[in-house]
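Structural overview
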Amino acid sequence: MQTAYFPGCSLKTIDRAYDVSTRVIAQDLGMTLVDVEDYSCCGAGELKGEGLKSHFLPARNLAHLINQGETEVMVSCNVCYHELSRTAYAVKQGGVHLDQIQSMLKAADEPQILEQPTVRNTLEYLVNVIGLDEIAKRVRVPLTGLRVAPYYGCLYQRPAKMLSSVQIAGEDTEHPHFMHDLMAALGATVVEHRAETTCCGGKNLLSDEKISGRLTGRILSTAKSSGADVLALMCPKCAGGLDALQFRAIGTVGESAQLPVMYYTQLIGIAFGHRPEELHVGDMESDAMGLIRQFLSEPAIR
Amino acid sequence: MAKGSGIIERSLLQDDQIMEEDNLVMDGIDISGRWNTMLKTRVHSERDLDSWDDVRASAIGESIDNCIQCGMCTAGCTVAHEVPGFNPRQFIYWVRVGRKDDLIKNADIIWRCVGCYICTNHCPKEVNTAEVIESIGQWLRKQVPEKMDQAYLANHEAYRHQLETYGRLSLPRLQAEFLSKLGRQKELFGPDLRQAAIRMLKDGRALKTLLIGRPRHWNRSRSVLMESGQT
């Protein structure tokens, strides 16, 4: 099965762990990922203040997608997912905004958006298109005994009206559960921690250290005190605050915020029998590698 | 006791809106204590509707007129619980009644929106609140750039510059530009980030960020991004 895929800047560079693990499990599941050609940044939310111009970069990527003969694209990064969905929604609304988007594309000598693009999130795609049964069939190393706290962040389910995860797949916008279902299918113990959709403050990660430290600290300590061994992520921006800058969260709320953090795709990869090195588990700044090595070496506790 | 400590949602009010006297007698009756907390009467003498015109004319702010001031946005807001005075419902109110002075007084607060879209999701009237607040923030940035937080401006300018120049984001390069704009480039080699930087050099991620490249014909797209006037 051929699937168009948009990795984005972050996954191409420092968050390669998310990209590589997405590709590894996609291959296991019989998907052929075709990258959107000549990608540009999605704008990362930073151009929103400039109104319609904020649609230019996502529209450029969507136009390339359509030009490749695809109308549906799978996106792992939640920020790209949100930005591309937001523009696909503007395309769907049509009218003056769409005309202006098309004329910006024309001015840049880029192809027009000739069909309605559909933007899908990898998590939702795995659960709904591939199916939990199919995923469960491939599990070689069940995650039995591993207590996983799913963390969705914001942009996977908000704003609901723009996103296919809610509109097409029927995800619950207040209490999303696809990652819960997926982790349960891998044999993991799913930890409910009530911070699943709490914002990590990622937009102001650099500019507002105090708030970012408090928000990330609260998420990590809530998950930890609920008994989690690991927080499962789906957004590289969240990874910035919860993993790479976890020291800031620990500095704000103390040791209770020290928790291994991994992408959910890495956990699927482990369950499919891949080595942690193959999935770049060591790229995580938190001690995810230590946790996974311990988990794999002690079959007794499973 | 702190001023106005008996007020529910005290964090949404500013100190100078609250009046409290140690001894207060009104019409011969002593009302010191719990009953002497009052809010200043608000008198609208000058309305400056600049902000309203600007926000509703922008592509991201046009839904502002749907607002019925119900407060669902603020009830769920991530930042309202963290930053005293951060109150999206009130920001929209100020814009619509033309309270430019109040908006400007809060120029350093409004930008702290984290864009989590809880407000947009909760709004019963289809206001895209998160983007309306962004639009108000942009209006303030044009009106009173000098009042904006330095870190906020540096963050925005660094993102803008990286996007314009390369069309793709390299996060280490972004962070370096952000810190050097604030004269804090030393932190790049400080104890907090050094370890991560060394690991990225060793495992090849640093090289990947350098080789991220530009999209084809980026110059043309860049000139579209640089064009001014479009909102």
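Position numbers for residues start from 1 in each chain and track the written sequence from start to end. Think of it this way: whatever chain is written first is A, whatever ligand is written first is 1, and the rest follow in order. Local features are withheld for residues below a pLDDT of 70 in this predicted model, meaning they are given only at 70 or higher, and side-chain atom pairs are given and counted only at 80 or more; totals for whole chains, interfaces and linings count all residues. Side-chain measures were taken over the full set of non-hydrogen atoms in the model, leaving aside hydrogen atoms and water.

Our focus in this paragraph is the interface of chain B and chain A. The partner chain A presents 62 residues to the 60 residues of chain B that form the contact. Salt bridges are defined as contacts in which a side-chain nitrogen from Lys or Arg sits within 4 Å of a carboxyl oxygen from Asp or Glu. At the junction of chain B and chain A, the tally comes to 13 salt bridges. Of the charged contacts in the structure, one is a salt bridge between B:Glu82 and A:Arg214, with a shortest N-O distance of 2.6 Å. Polar contacts, as used here, are pairs of N or O atoms within 3.5 Å; protein pairs need one atom able to donate a hydrogen and one able to accept it. Residues neighboring in sequence count only if both atoms are side-chain atoms. Viewed at the interface, chain A and chain B are joined by 25 residue pairs in polar contact (both at pLDDT 80 or more). With seven residues, helix H8 (residues 150-166) of chain B is the single largest residue contributor to the side of chain B that touches chain A. Only Asp, Glu, Lys and Arg are considered charged in this grouping, and only Ala, Val, Leu, Ile, Met, Phe, Trp, Tyr, Cys and Pro are considered nonpolar; every other residue, Gly among them, is considered polar. Here the residues of the side of chain B that touches chain A sort into 27 nonpolar, 16 polar and 17 charged. Note on contacts: a residue pair qualifies if any of its non-hydrogen atoms lie within 4.5 Å across the two residues. Going along the chain from the N terminus, every DSSP run of H or I of four or more residues is numbered as a helix, and every run of E of two or more is numbered as a strand.

All names here are of chain B. Looking at the element boundaries, Glu164 is found in helix H8. Partly exposed describes any residue whose relative accessible area lies between the buried limit of under 20% and the exposed limit of over 50%, with all areas from a 1.4 Å probe on protein chains only and scaled to the type maximum. When its relative accessible area of 16% is taken as the criterion, Glu164 is described as buried. Among the polar contacts made by the side chain of Glu164, one reaches the side chain of Arg160 at a distance of 2.5 Å. Discounting chain neighbours no more than four positions away, the residues touching Glu164 are Trp218, Arg222 and Met226.

To qualify as a nonpolar core, a set must consist of buried Ala, Val, Leu, Ile, Met, Phe, Trp, Tyr and Cys residues joined through side-chain atoms within 4.5 Å. Residues A:Leu123, A:Leu126, A:Leu231 and A:Tyr264 are the most contacted members of the largest nonpolar core, which totals 164 residues. With near-sequence residues (within four places) excluded, A:Tyr264 lies in contact with A:Tyr18, A:Asn121, A:Thr122, A:Leu123, A:Leu126, A:Met179, A:Leu182, A:Met183, A:Ala232, A:Leu233 and A:Met234.

What follows is about the sheet that holds strand S3 (residues 72-75) of chain A. Residue and element names in this part refer to chain A. The strand order across the open sheet built from four strands is S2-S1-S3-S4, with neighbouring strands paired in parallel fashion. Edge positions in the sheet fall to strand S2 (32-35) and strand S4 (118-121), since each has one partner strand and no second. Direction aside, neighbouring strands of the sheet carry axes that sit 40° apart on average. Each pair of strands is called paired provided DSSP finds at least two bridges between the two strands. All axes are obtained by fitting lines to C-alpha atoms, using only the stretch in contact for helices, and the reported angles, taken between N-to-C directions, cover 0 to 180 degrees.

A separate point is the sheet that holds strand S5 (residues 147-150) of chain A. Residues and elements named next belong to chain A. Here we have four strands laid out as an open sheet, ordered S6-S5-S7-S8, and parallel in their pairing. Only two strands of the sheet have a single neighbouring strand rather than two, namely strand S6 (189-190) and strand S8 (261-263). By the bridge criterion, three bridges tie S5 to strand S7 (residues 230-233) in an arrangement that is parallel. When the sheet's bridge partners are listed, Val148 is paired in S7 with Val230.

For the rest of this paragraph, the subject is unusual backbone geometry. Residues and elements named next belong to chain A. Residues Arg158 and Pro159 are joined by a peptide bond in cis, for which omega reads -5°. Even without a glycine there, the phi angle at Asp38 is positive, about 50°. A positive phi is found at His280, a non-glycine position, where the angle reads about 55°. Structurally, His280 is set in the loop between helix H12 (264-271) and helix H13 (288-297).

Moving on to the side chain of B:Gln138. As for its position among the elements, B:Gln138 is in helix H7 (residues 129-143). You can call B:Gln138 buried: its relative accessible area is 7%. Excluding residues that lie within four positions of it along the chain, B:Gln138 makes contacts with A:Gly49, B:Tyr152 and B:His156.

To continue, consider the environment of B:Arg222. Residue and element names in this part refer to chain B. Along the chain, Arg222 falls in helix H12 (residues 218-226). Overall, the relative accessible area of 27% leaves Arg222 in the partly exposed class. Measuring from C-alpha to C-alpha, the distance between Arg222 and Thr165 comes to 7.5 Å, with 57 residues separating the pair along the chain.

With that settled, the discussion passes to the domain arrangement of chain A. Residue and element names in this part refer to chain A. If you check the domain split of chain A, you get domain 1 (2-121) and domain 2 (133-301). Either an automatic procedure or a domain database provided the assignment from which the domain bounds are taken. Of note, the centres of domain 1 and domain 2, computed from C-alpha atoms alone, are 24 Å apart. Taken together, the 28 residues of domain 1 in the interface contact 32 residues of domain 2. Summed over both partners, the accessible area lost on bringing two parts together, with a 1.4 Å probe, is the buried area. Summed over both partners, the interface of domain 1 with domain 2 buries about 2600 Å², with 64% contributed by carbon and sulfur atoms. Per-residue buried area on domain 1 facing domain 2 is highest for Tyr18, Asn78 and Tyr89; these three make up 21% of the total on that side. Here domain 1 is connected to domain 2 by one salt bridge.

So, about the domain arrangement of chain B. Looking at chain B, the domain boundaries give domain 1 (10-39), domain 2 (50-146) and domain 3 (150-211). Placing the centre of domain 2 of chain B and that of domain 3 of chain B at their C-alpha centroids yields a distance of 30 Å.

Moving on, we come to helix H3 (residues 56-67) of chain A. Residues and elements named next belong to chain A. Over its 12 residues, H3 runs 16 Å from end to end, which matches the ideal 16 Å to within 8%, given 1.5 Å per residue. The buried fraction of H3 is high, at 11 of 12 residues. Phe56, Leu57, Pro58, Ala59, Arg60, Asn61, Leu62, Ala63, His64, Leu65 and Ile66 are the residues of H3 that are buried. At the C-terminal side of H3, Gly69 shows a positive phi close to 85°. To estimate how far a helix should reach, multiply one less than its number of residues by 1.5 Å.

On to the packing of aromatic side chains, then. All names here are of chain B. Paired rings are identified among Phe, Tyr and Trp, the last through its six-membered ring, by centres lying within 6.5 Å, and are further divided according to the angle between planes into stacked (under 30 degrees), edge-to-face (over 60) and tilted (the rest). Scanning the entire structure with this criterion turns up seven aromatic pairs over all chains. Aromatic side chains Phe86 and Phe91 sit 5.3 Å apart centroid to centroid with 90° between the ring planes, which places their arrangement in the edge-to-face category. Summarising the aromatic geometry, the rings of Trp111 and Tyr152 are spaced 5.2 Å apart at their centres and angled 35° between planes, so their arrangement reads as tilted. Taken as a pair, Trp111 in the loop between helix H5 (107-110) and helix H6 (118-122) and Tyr152 in helix H8 lie far apart in primary sequence, 41 residues in all. Relative accessible area serves as the criterion here: at 10%, Tyr152 is assigned to the buried category.

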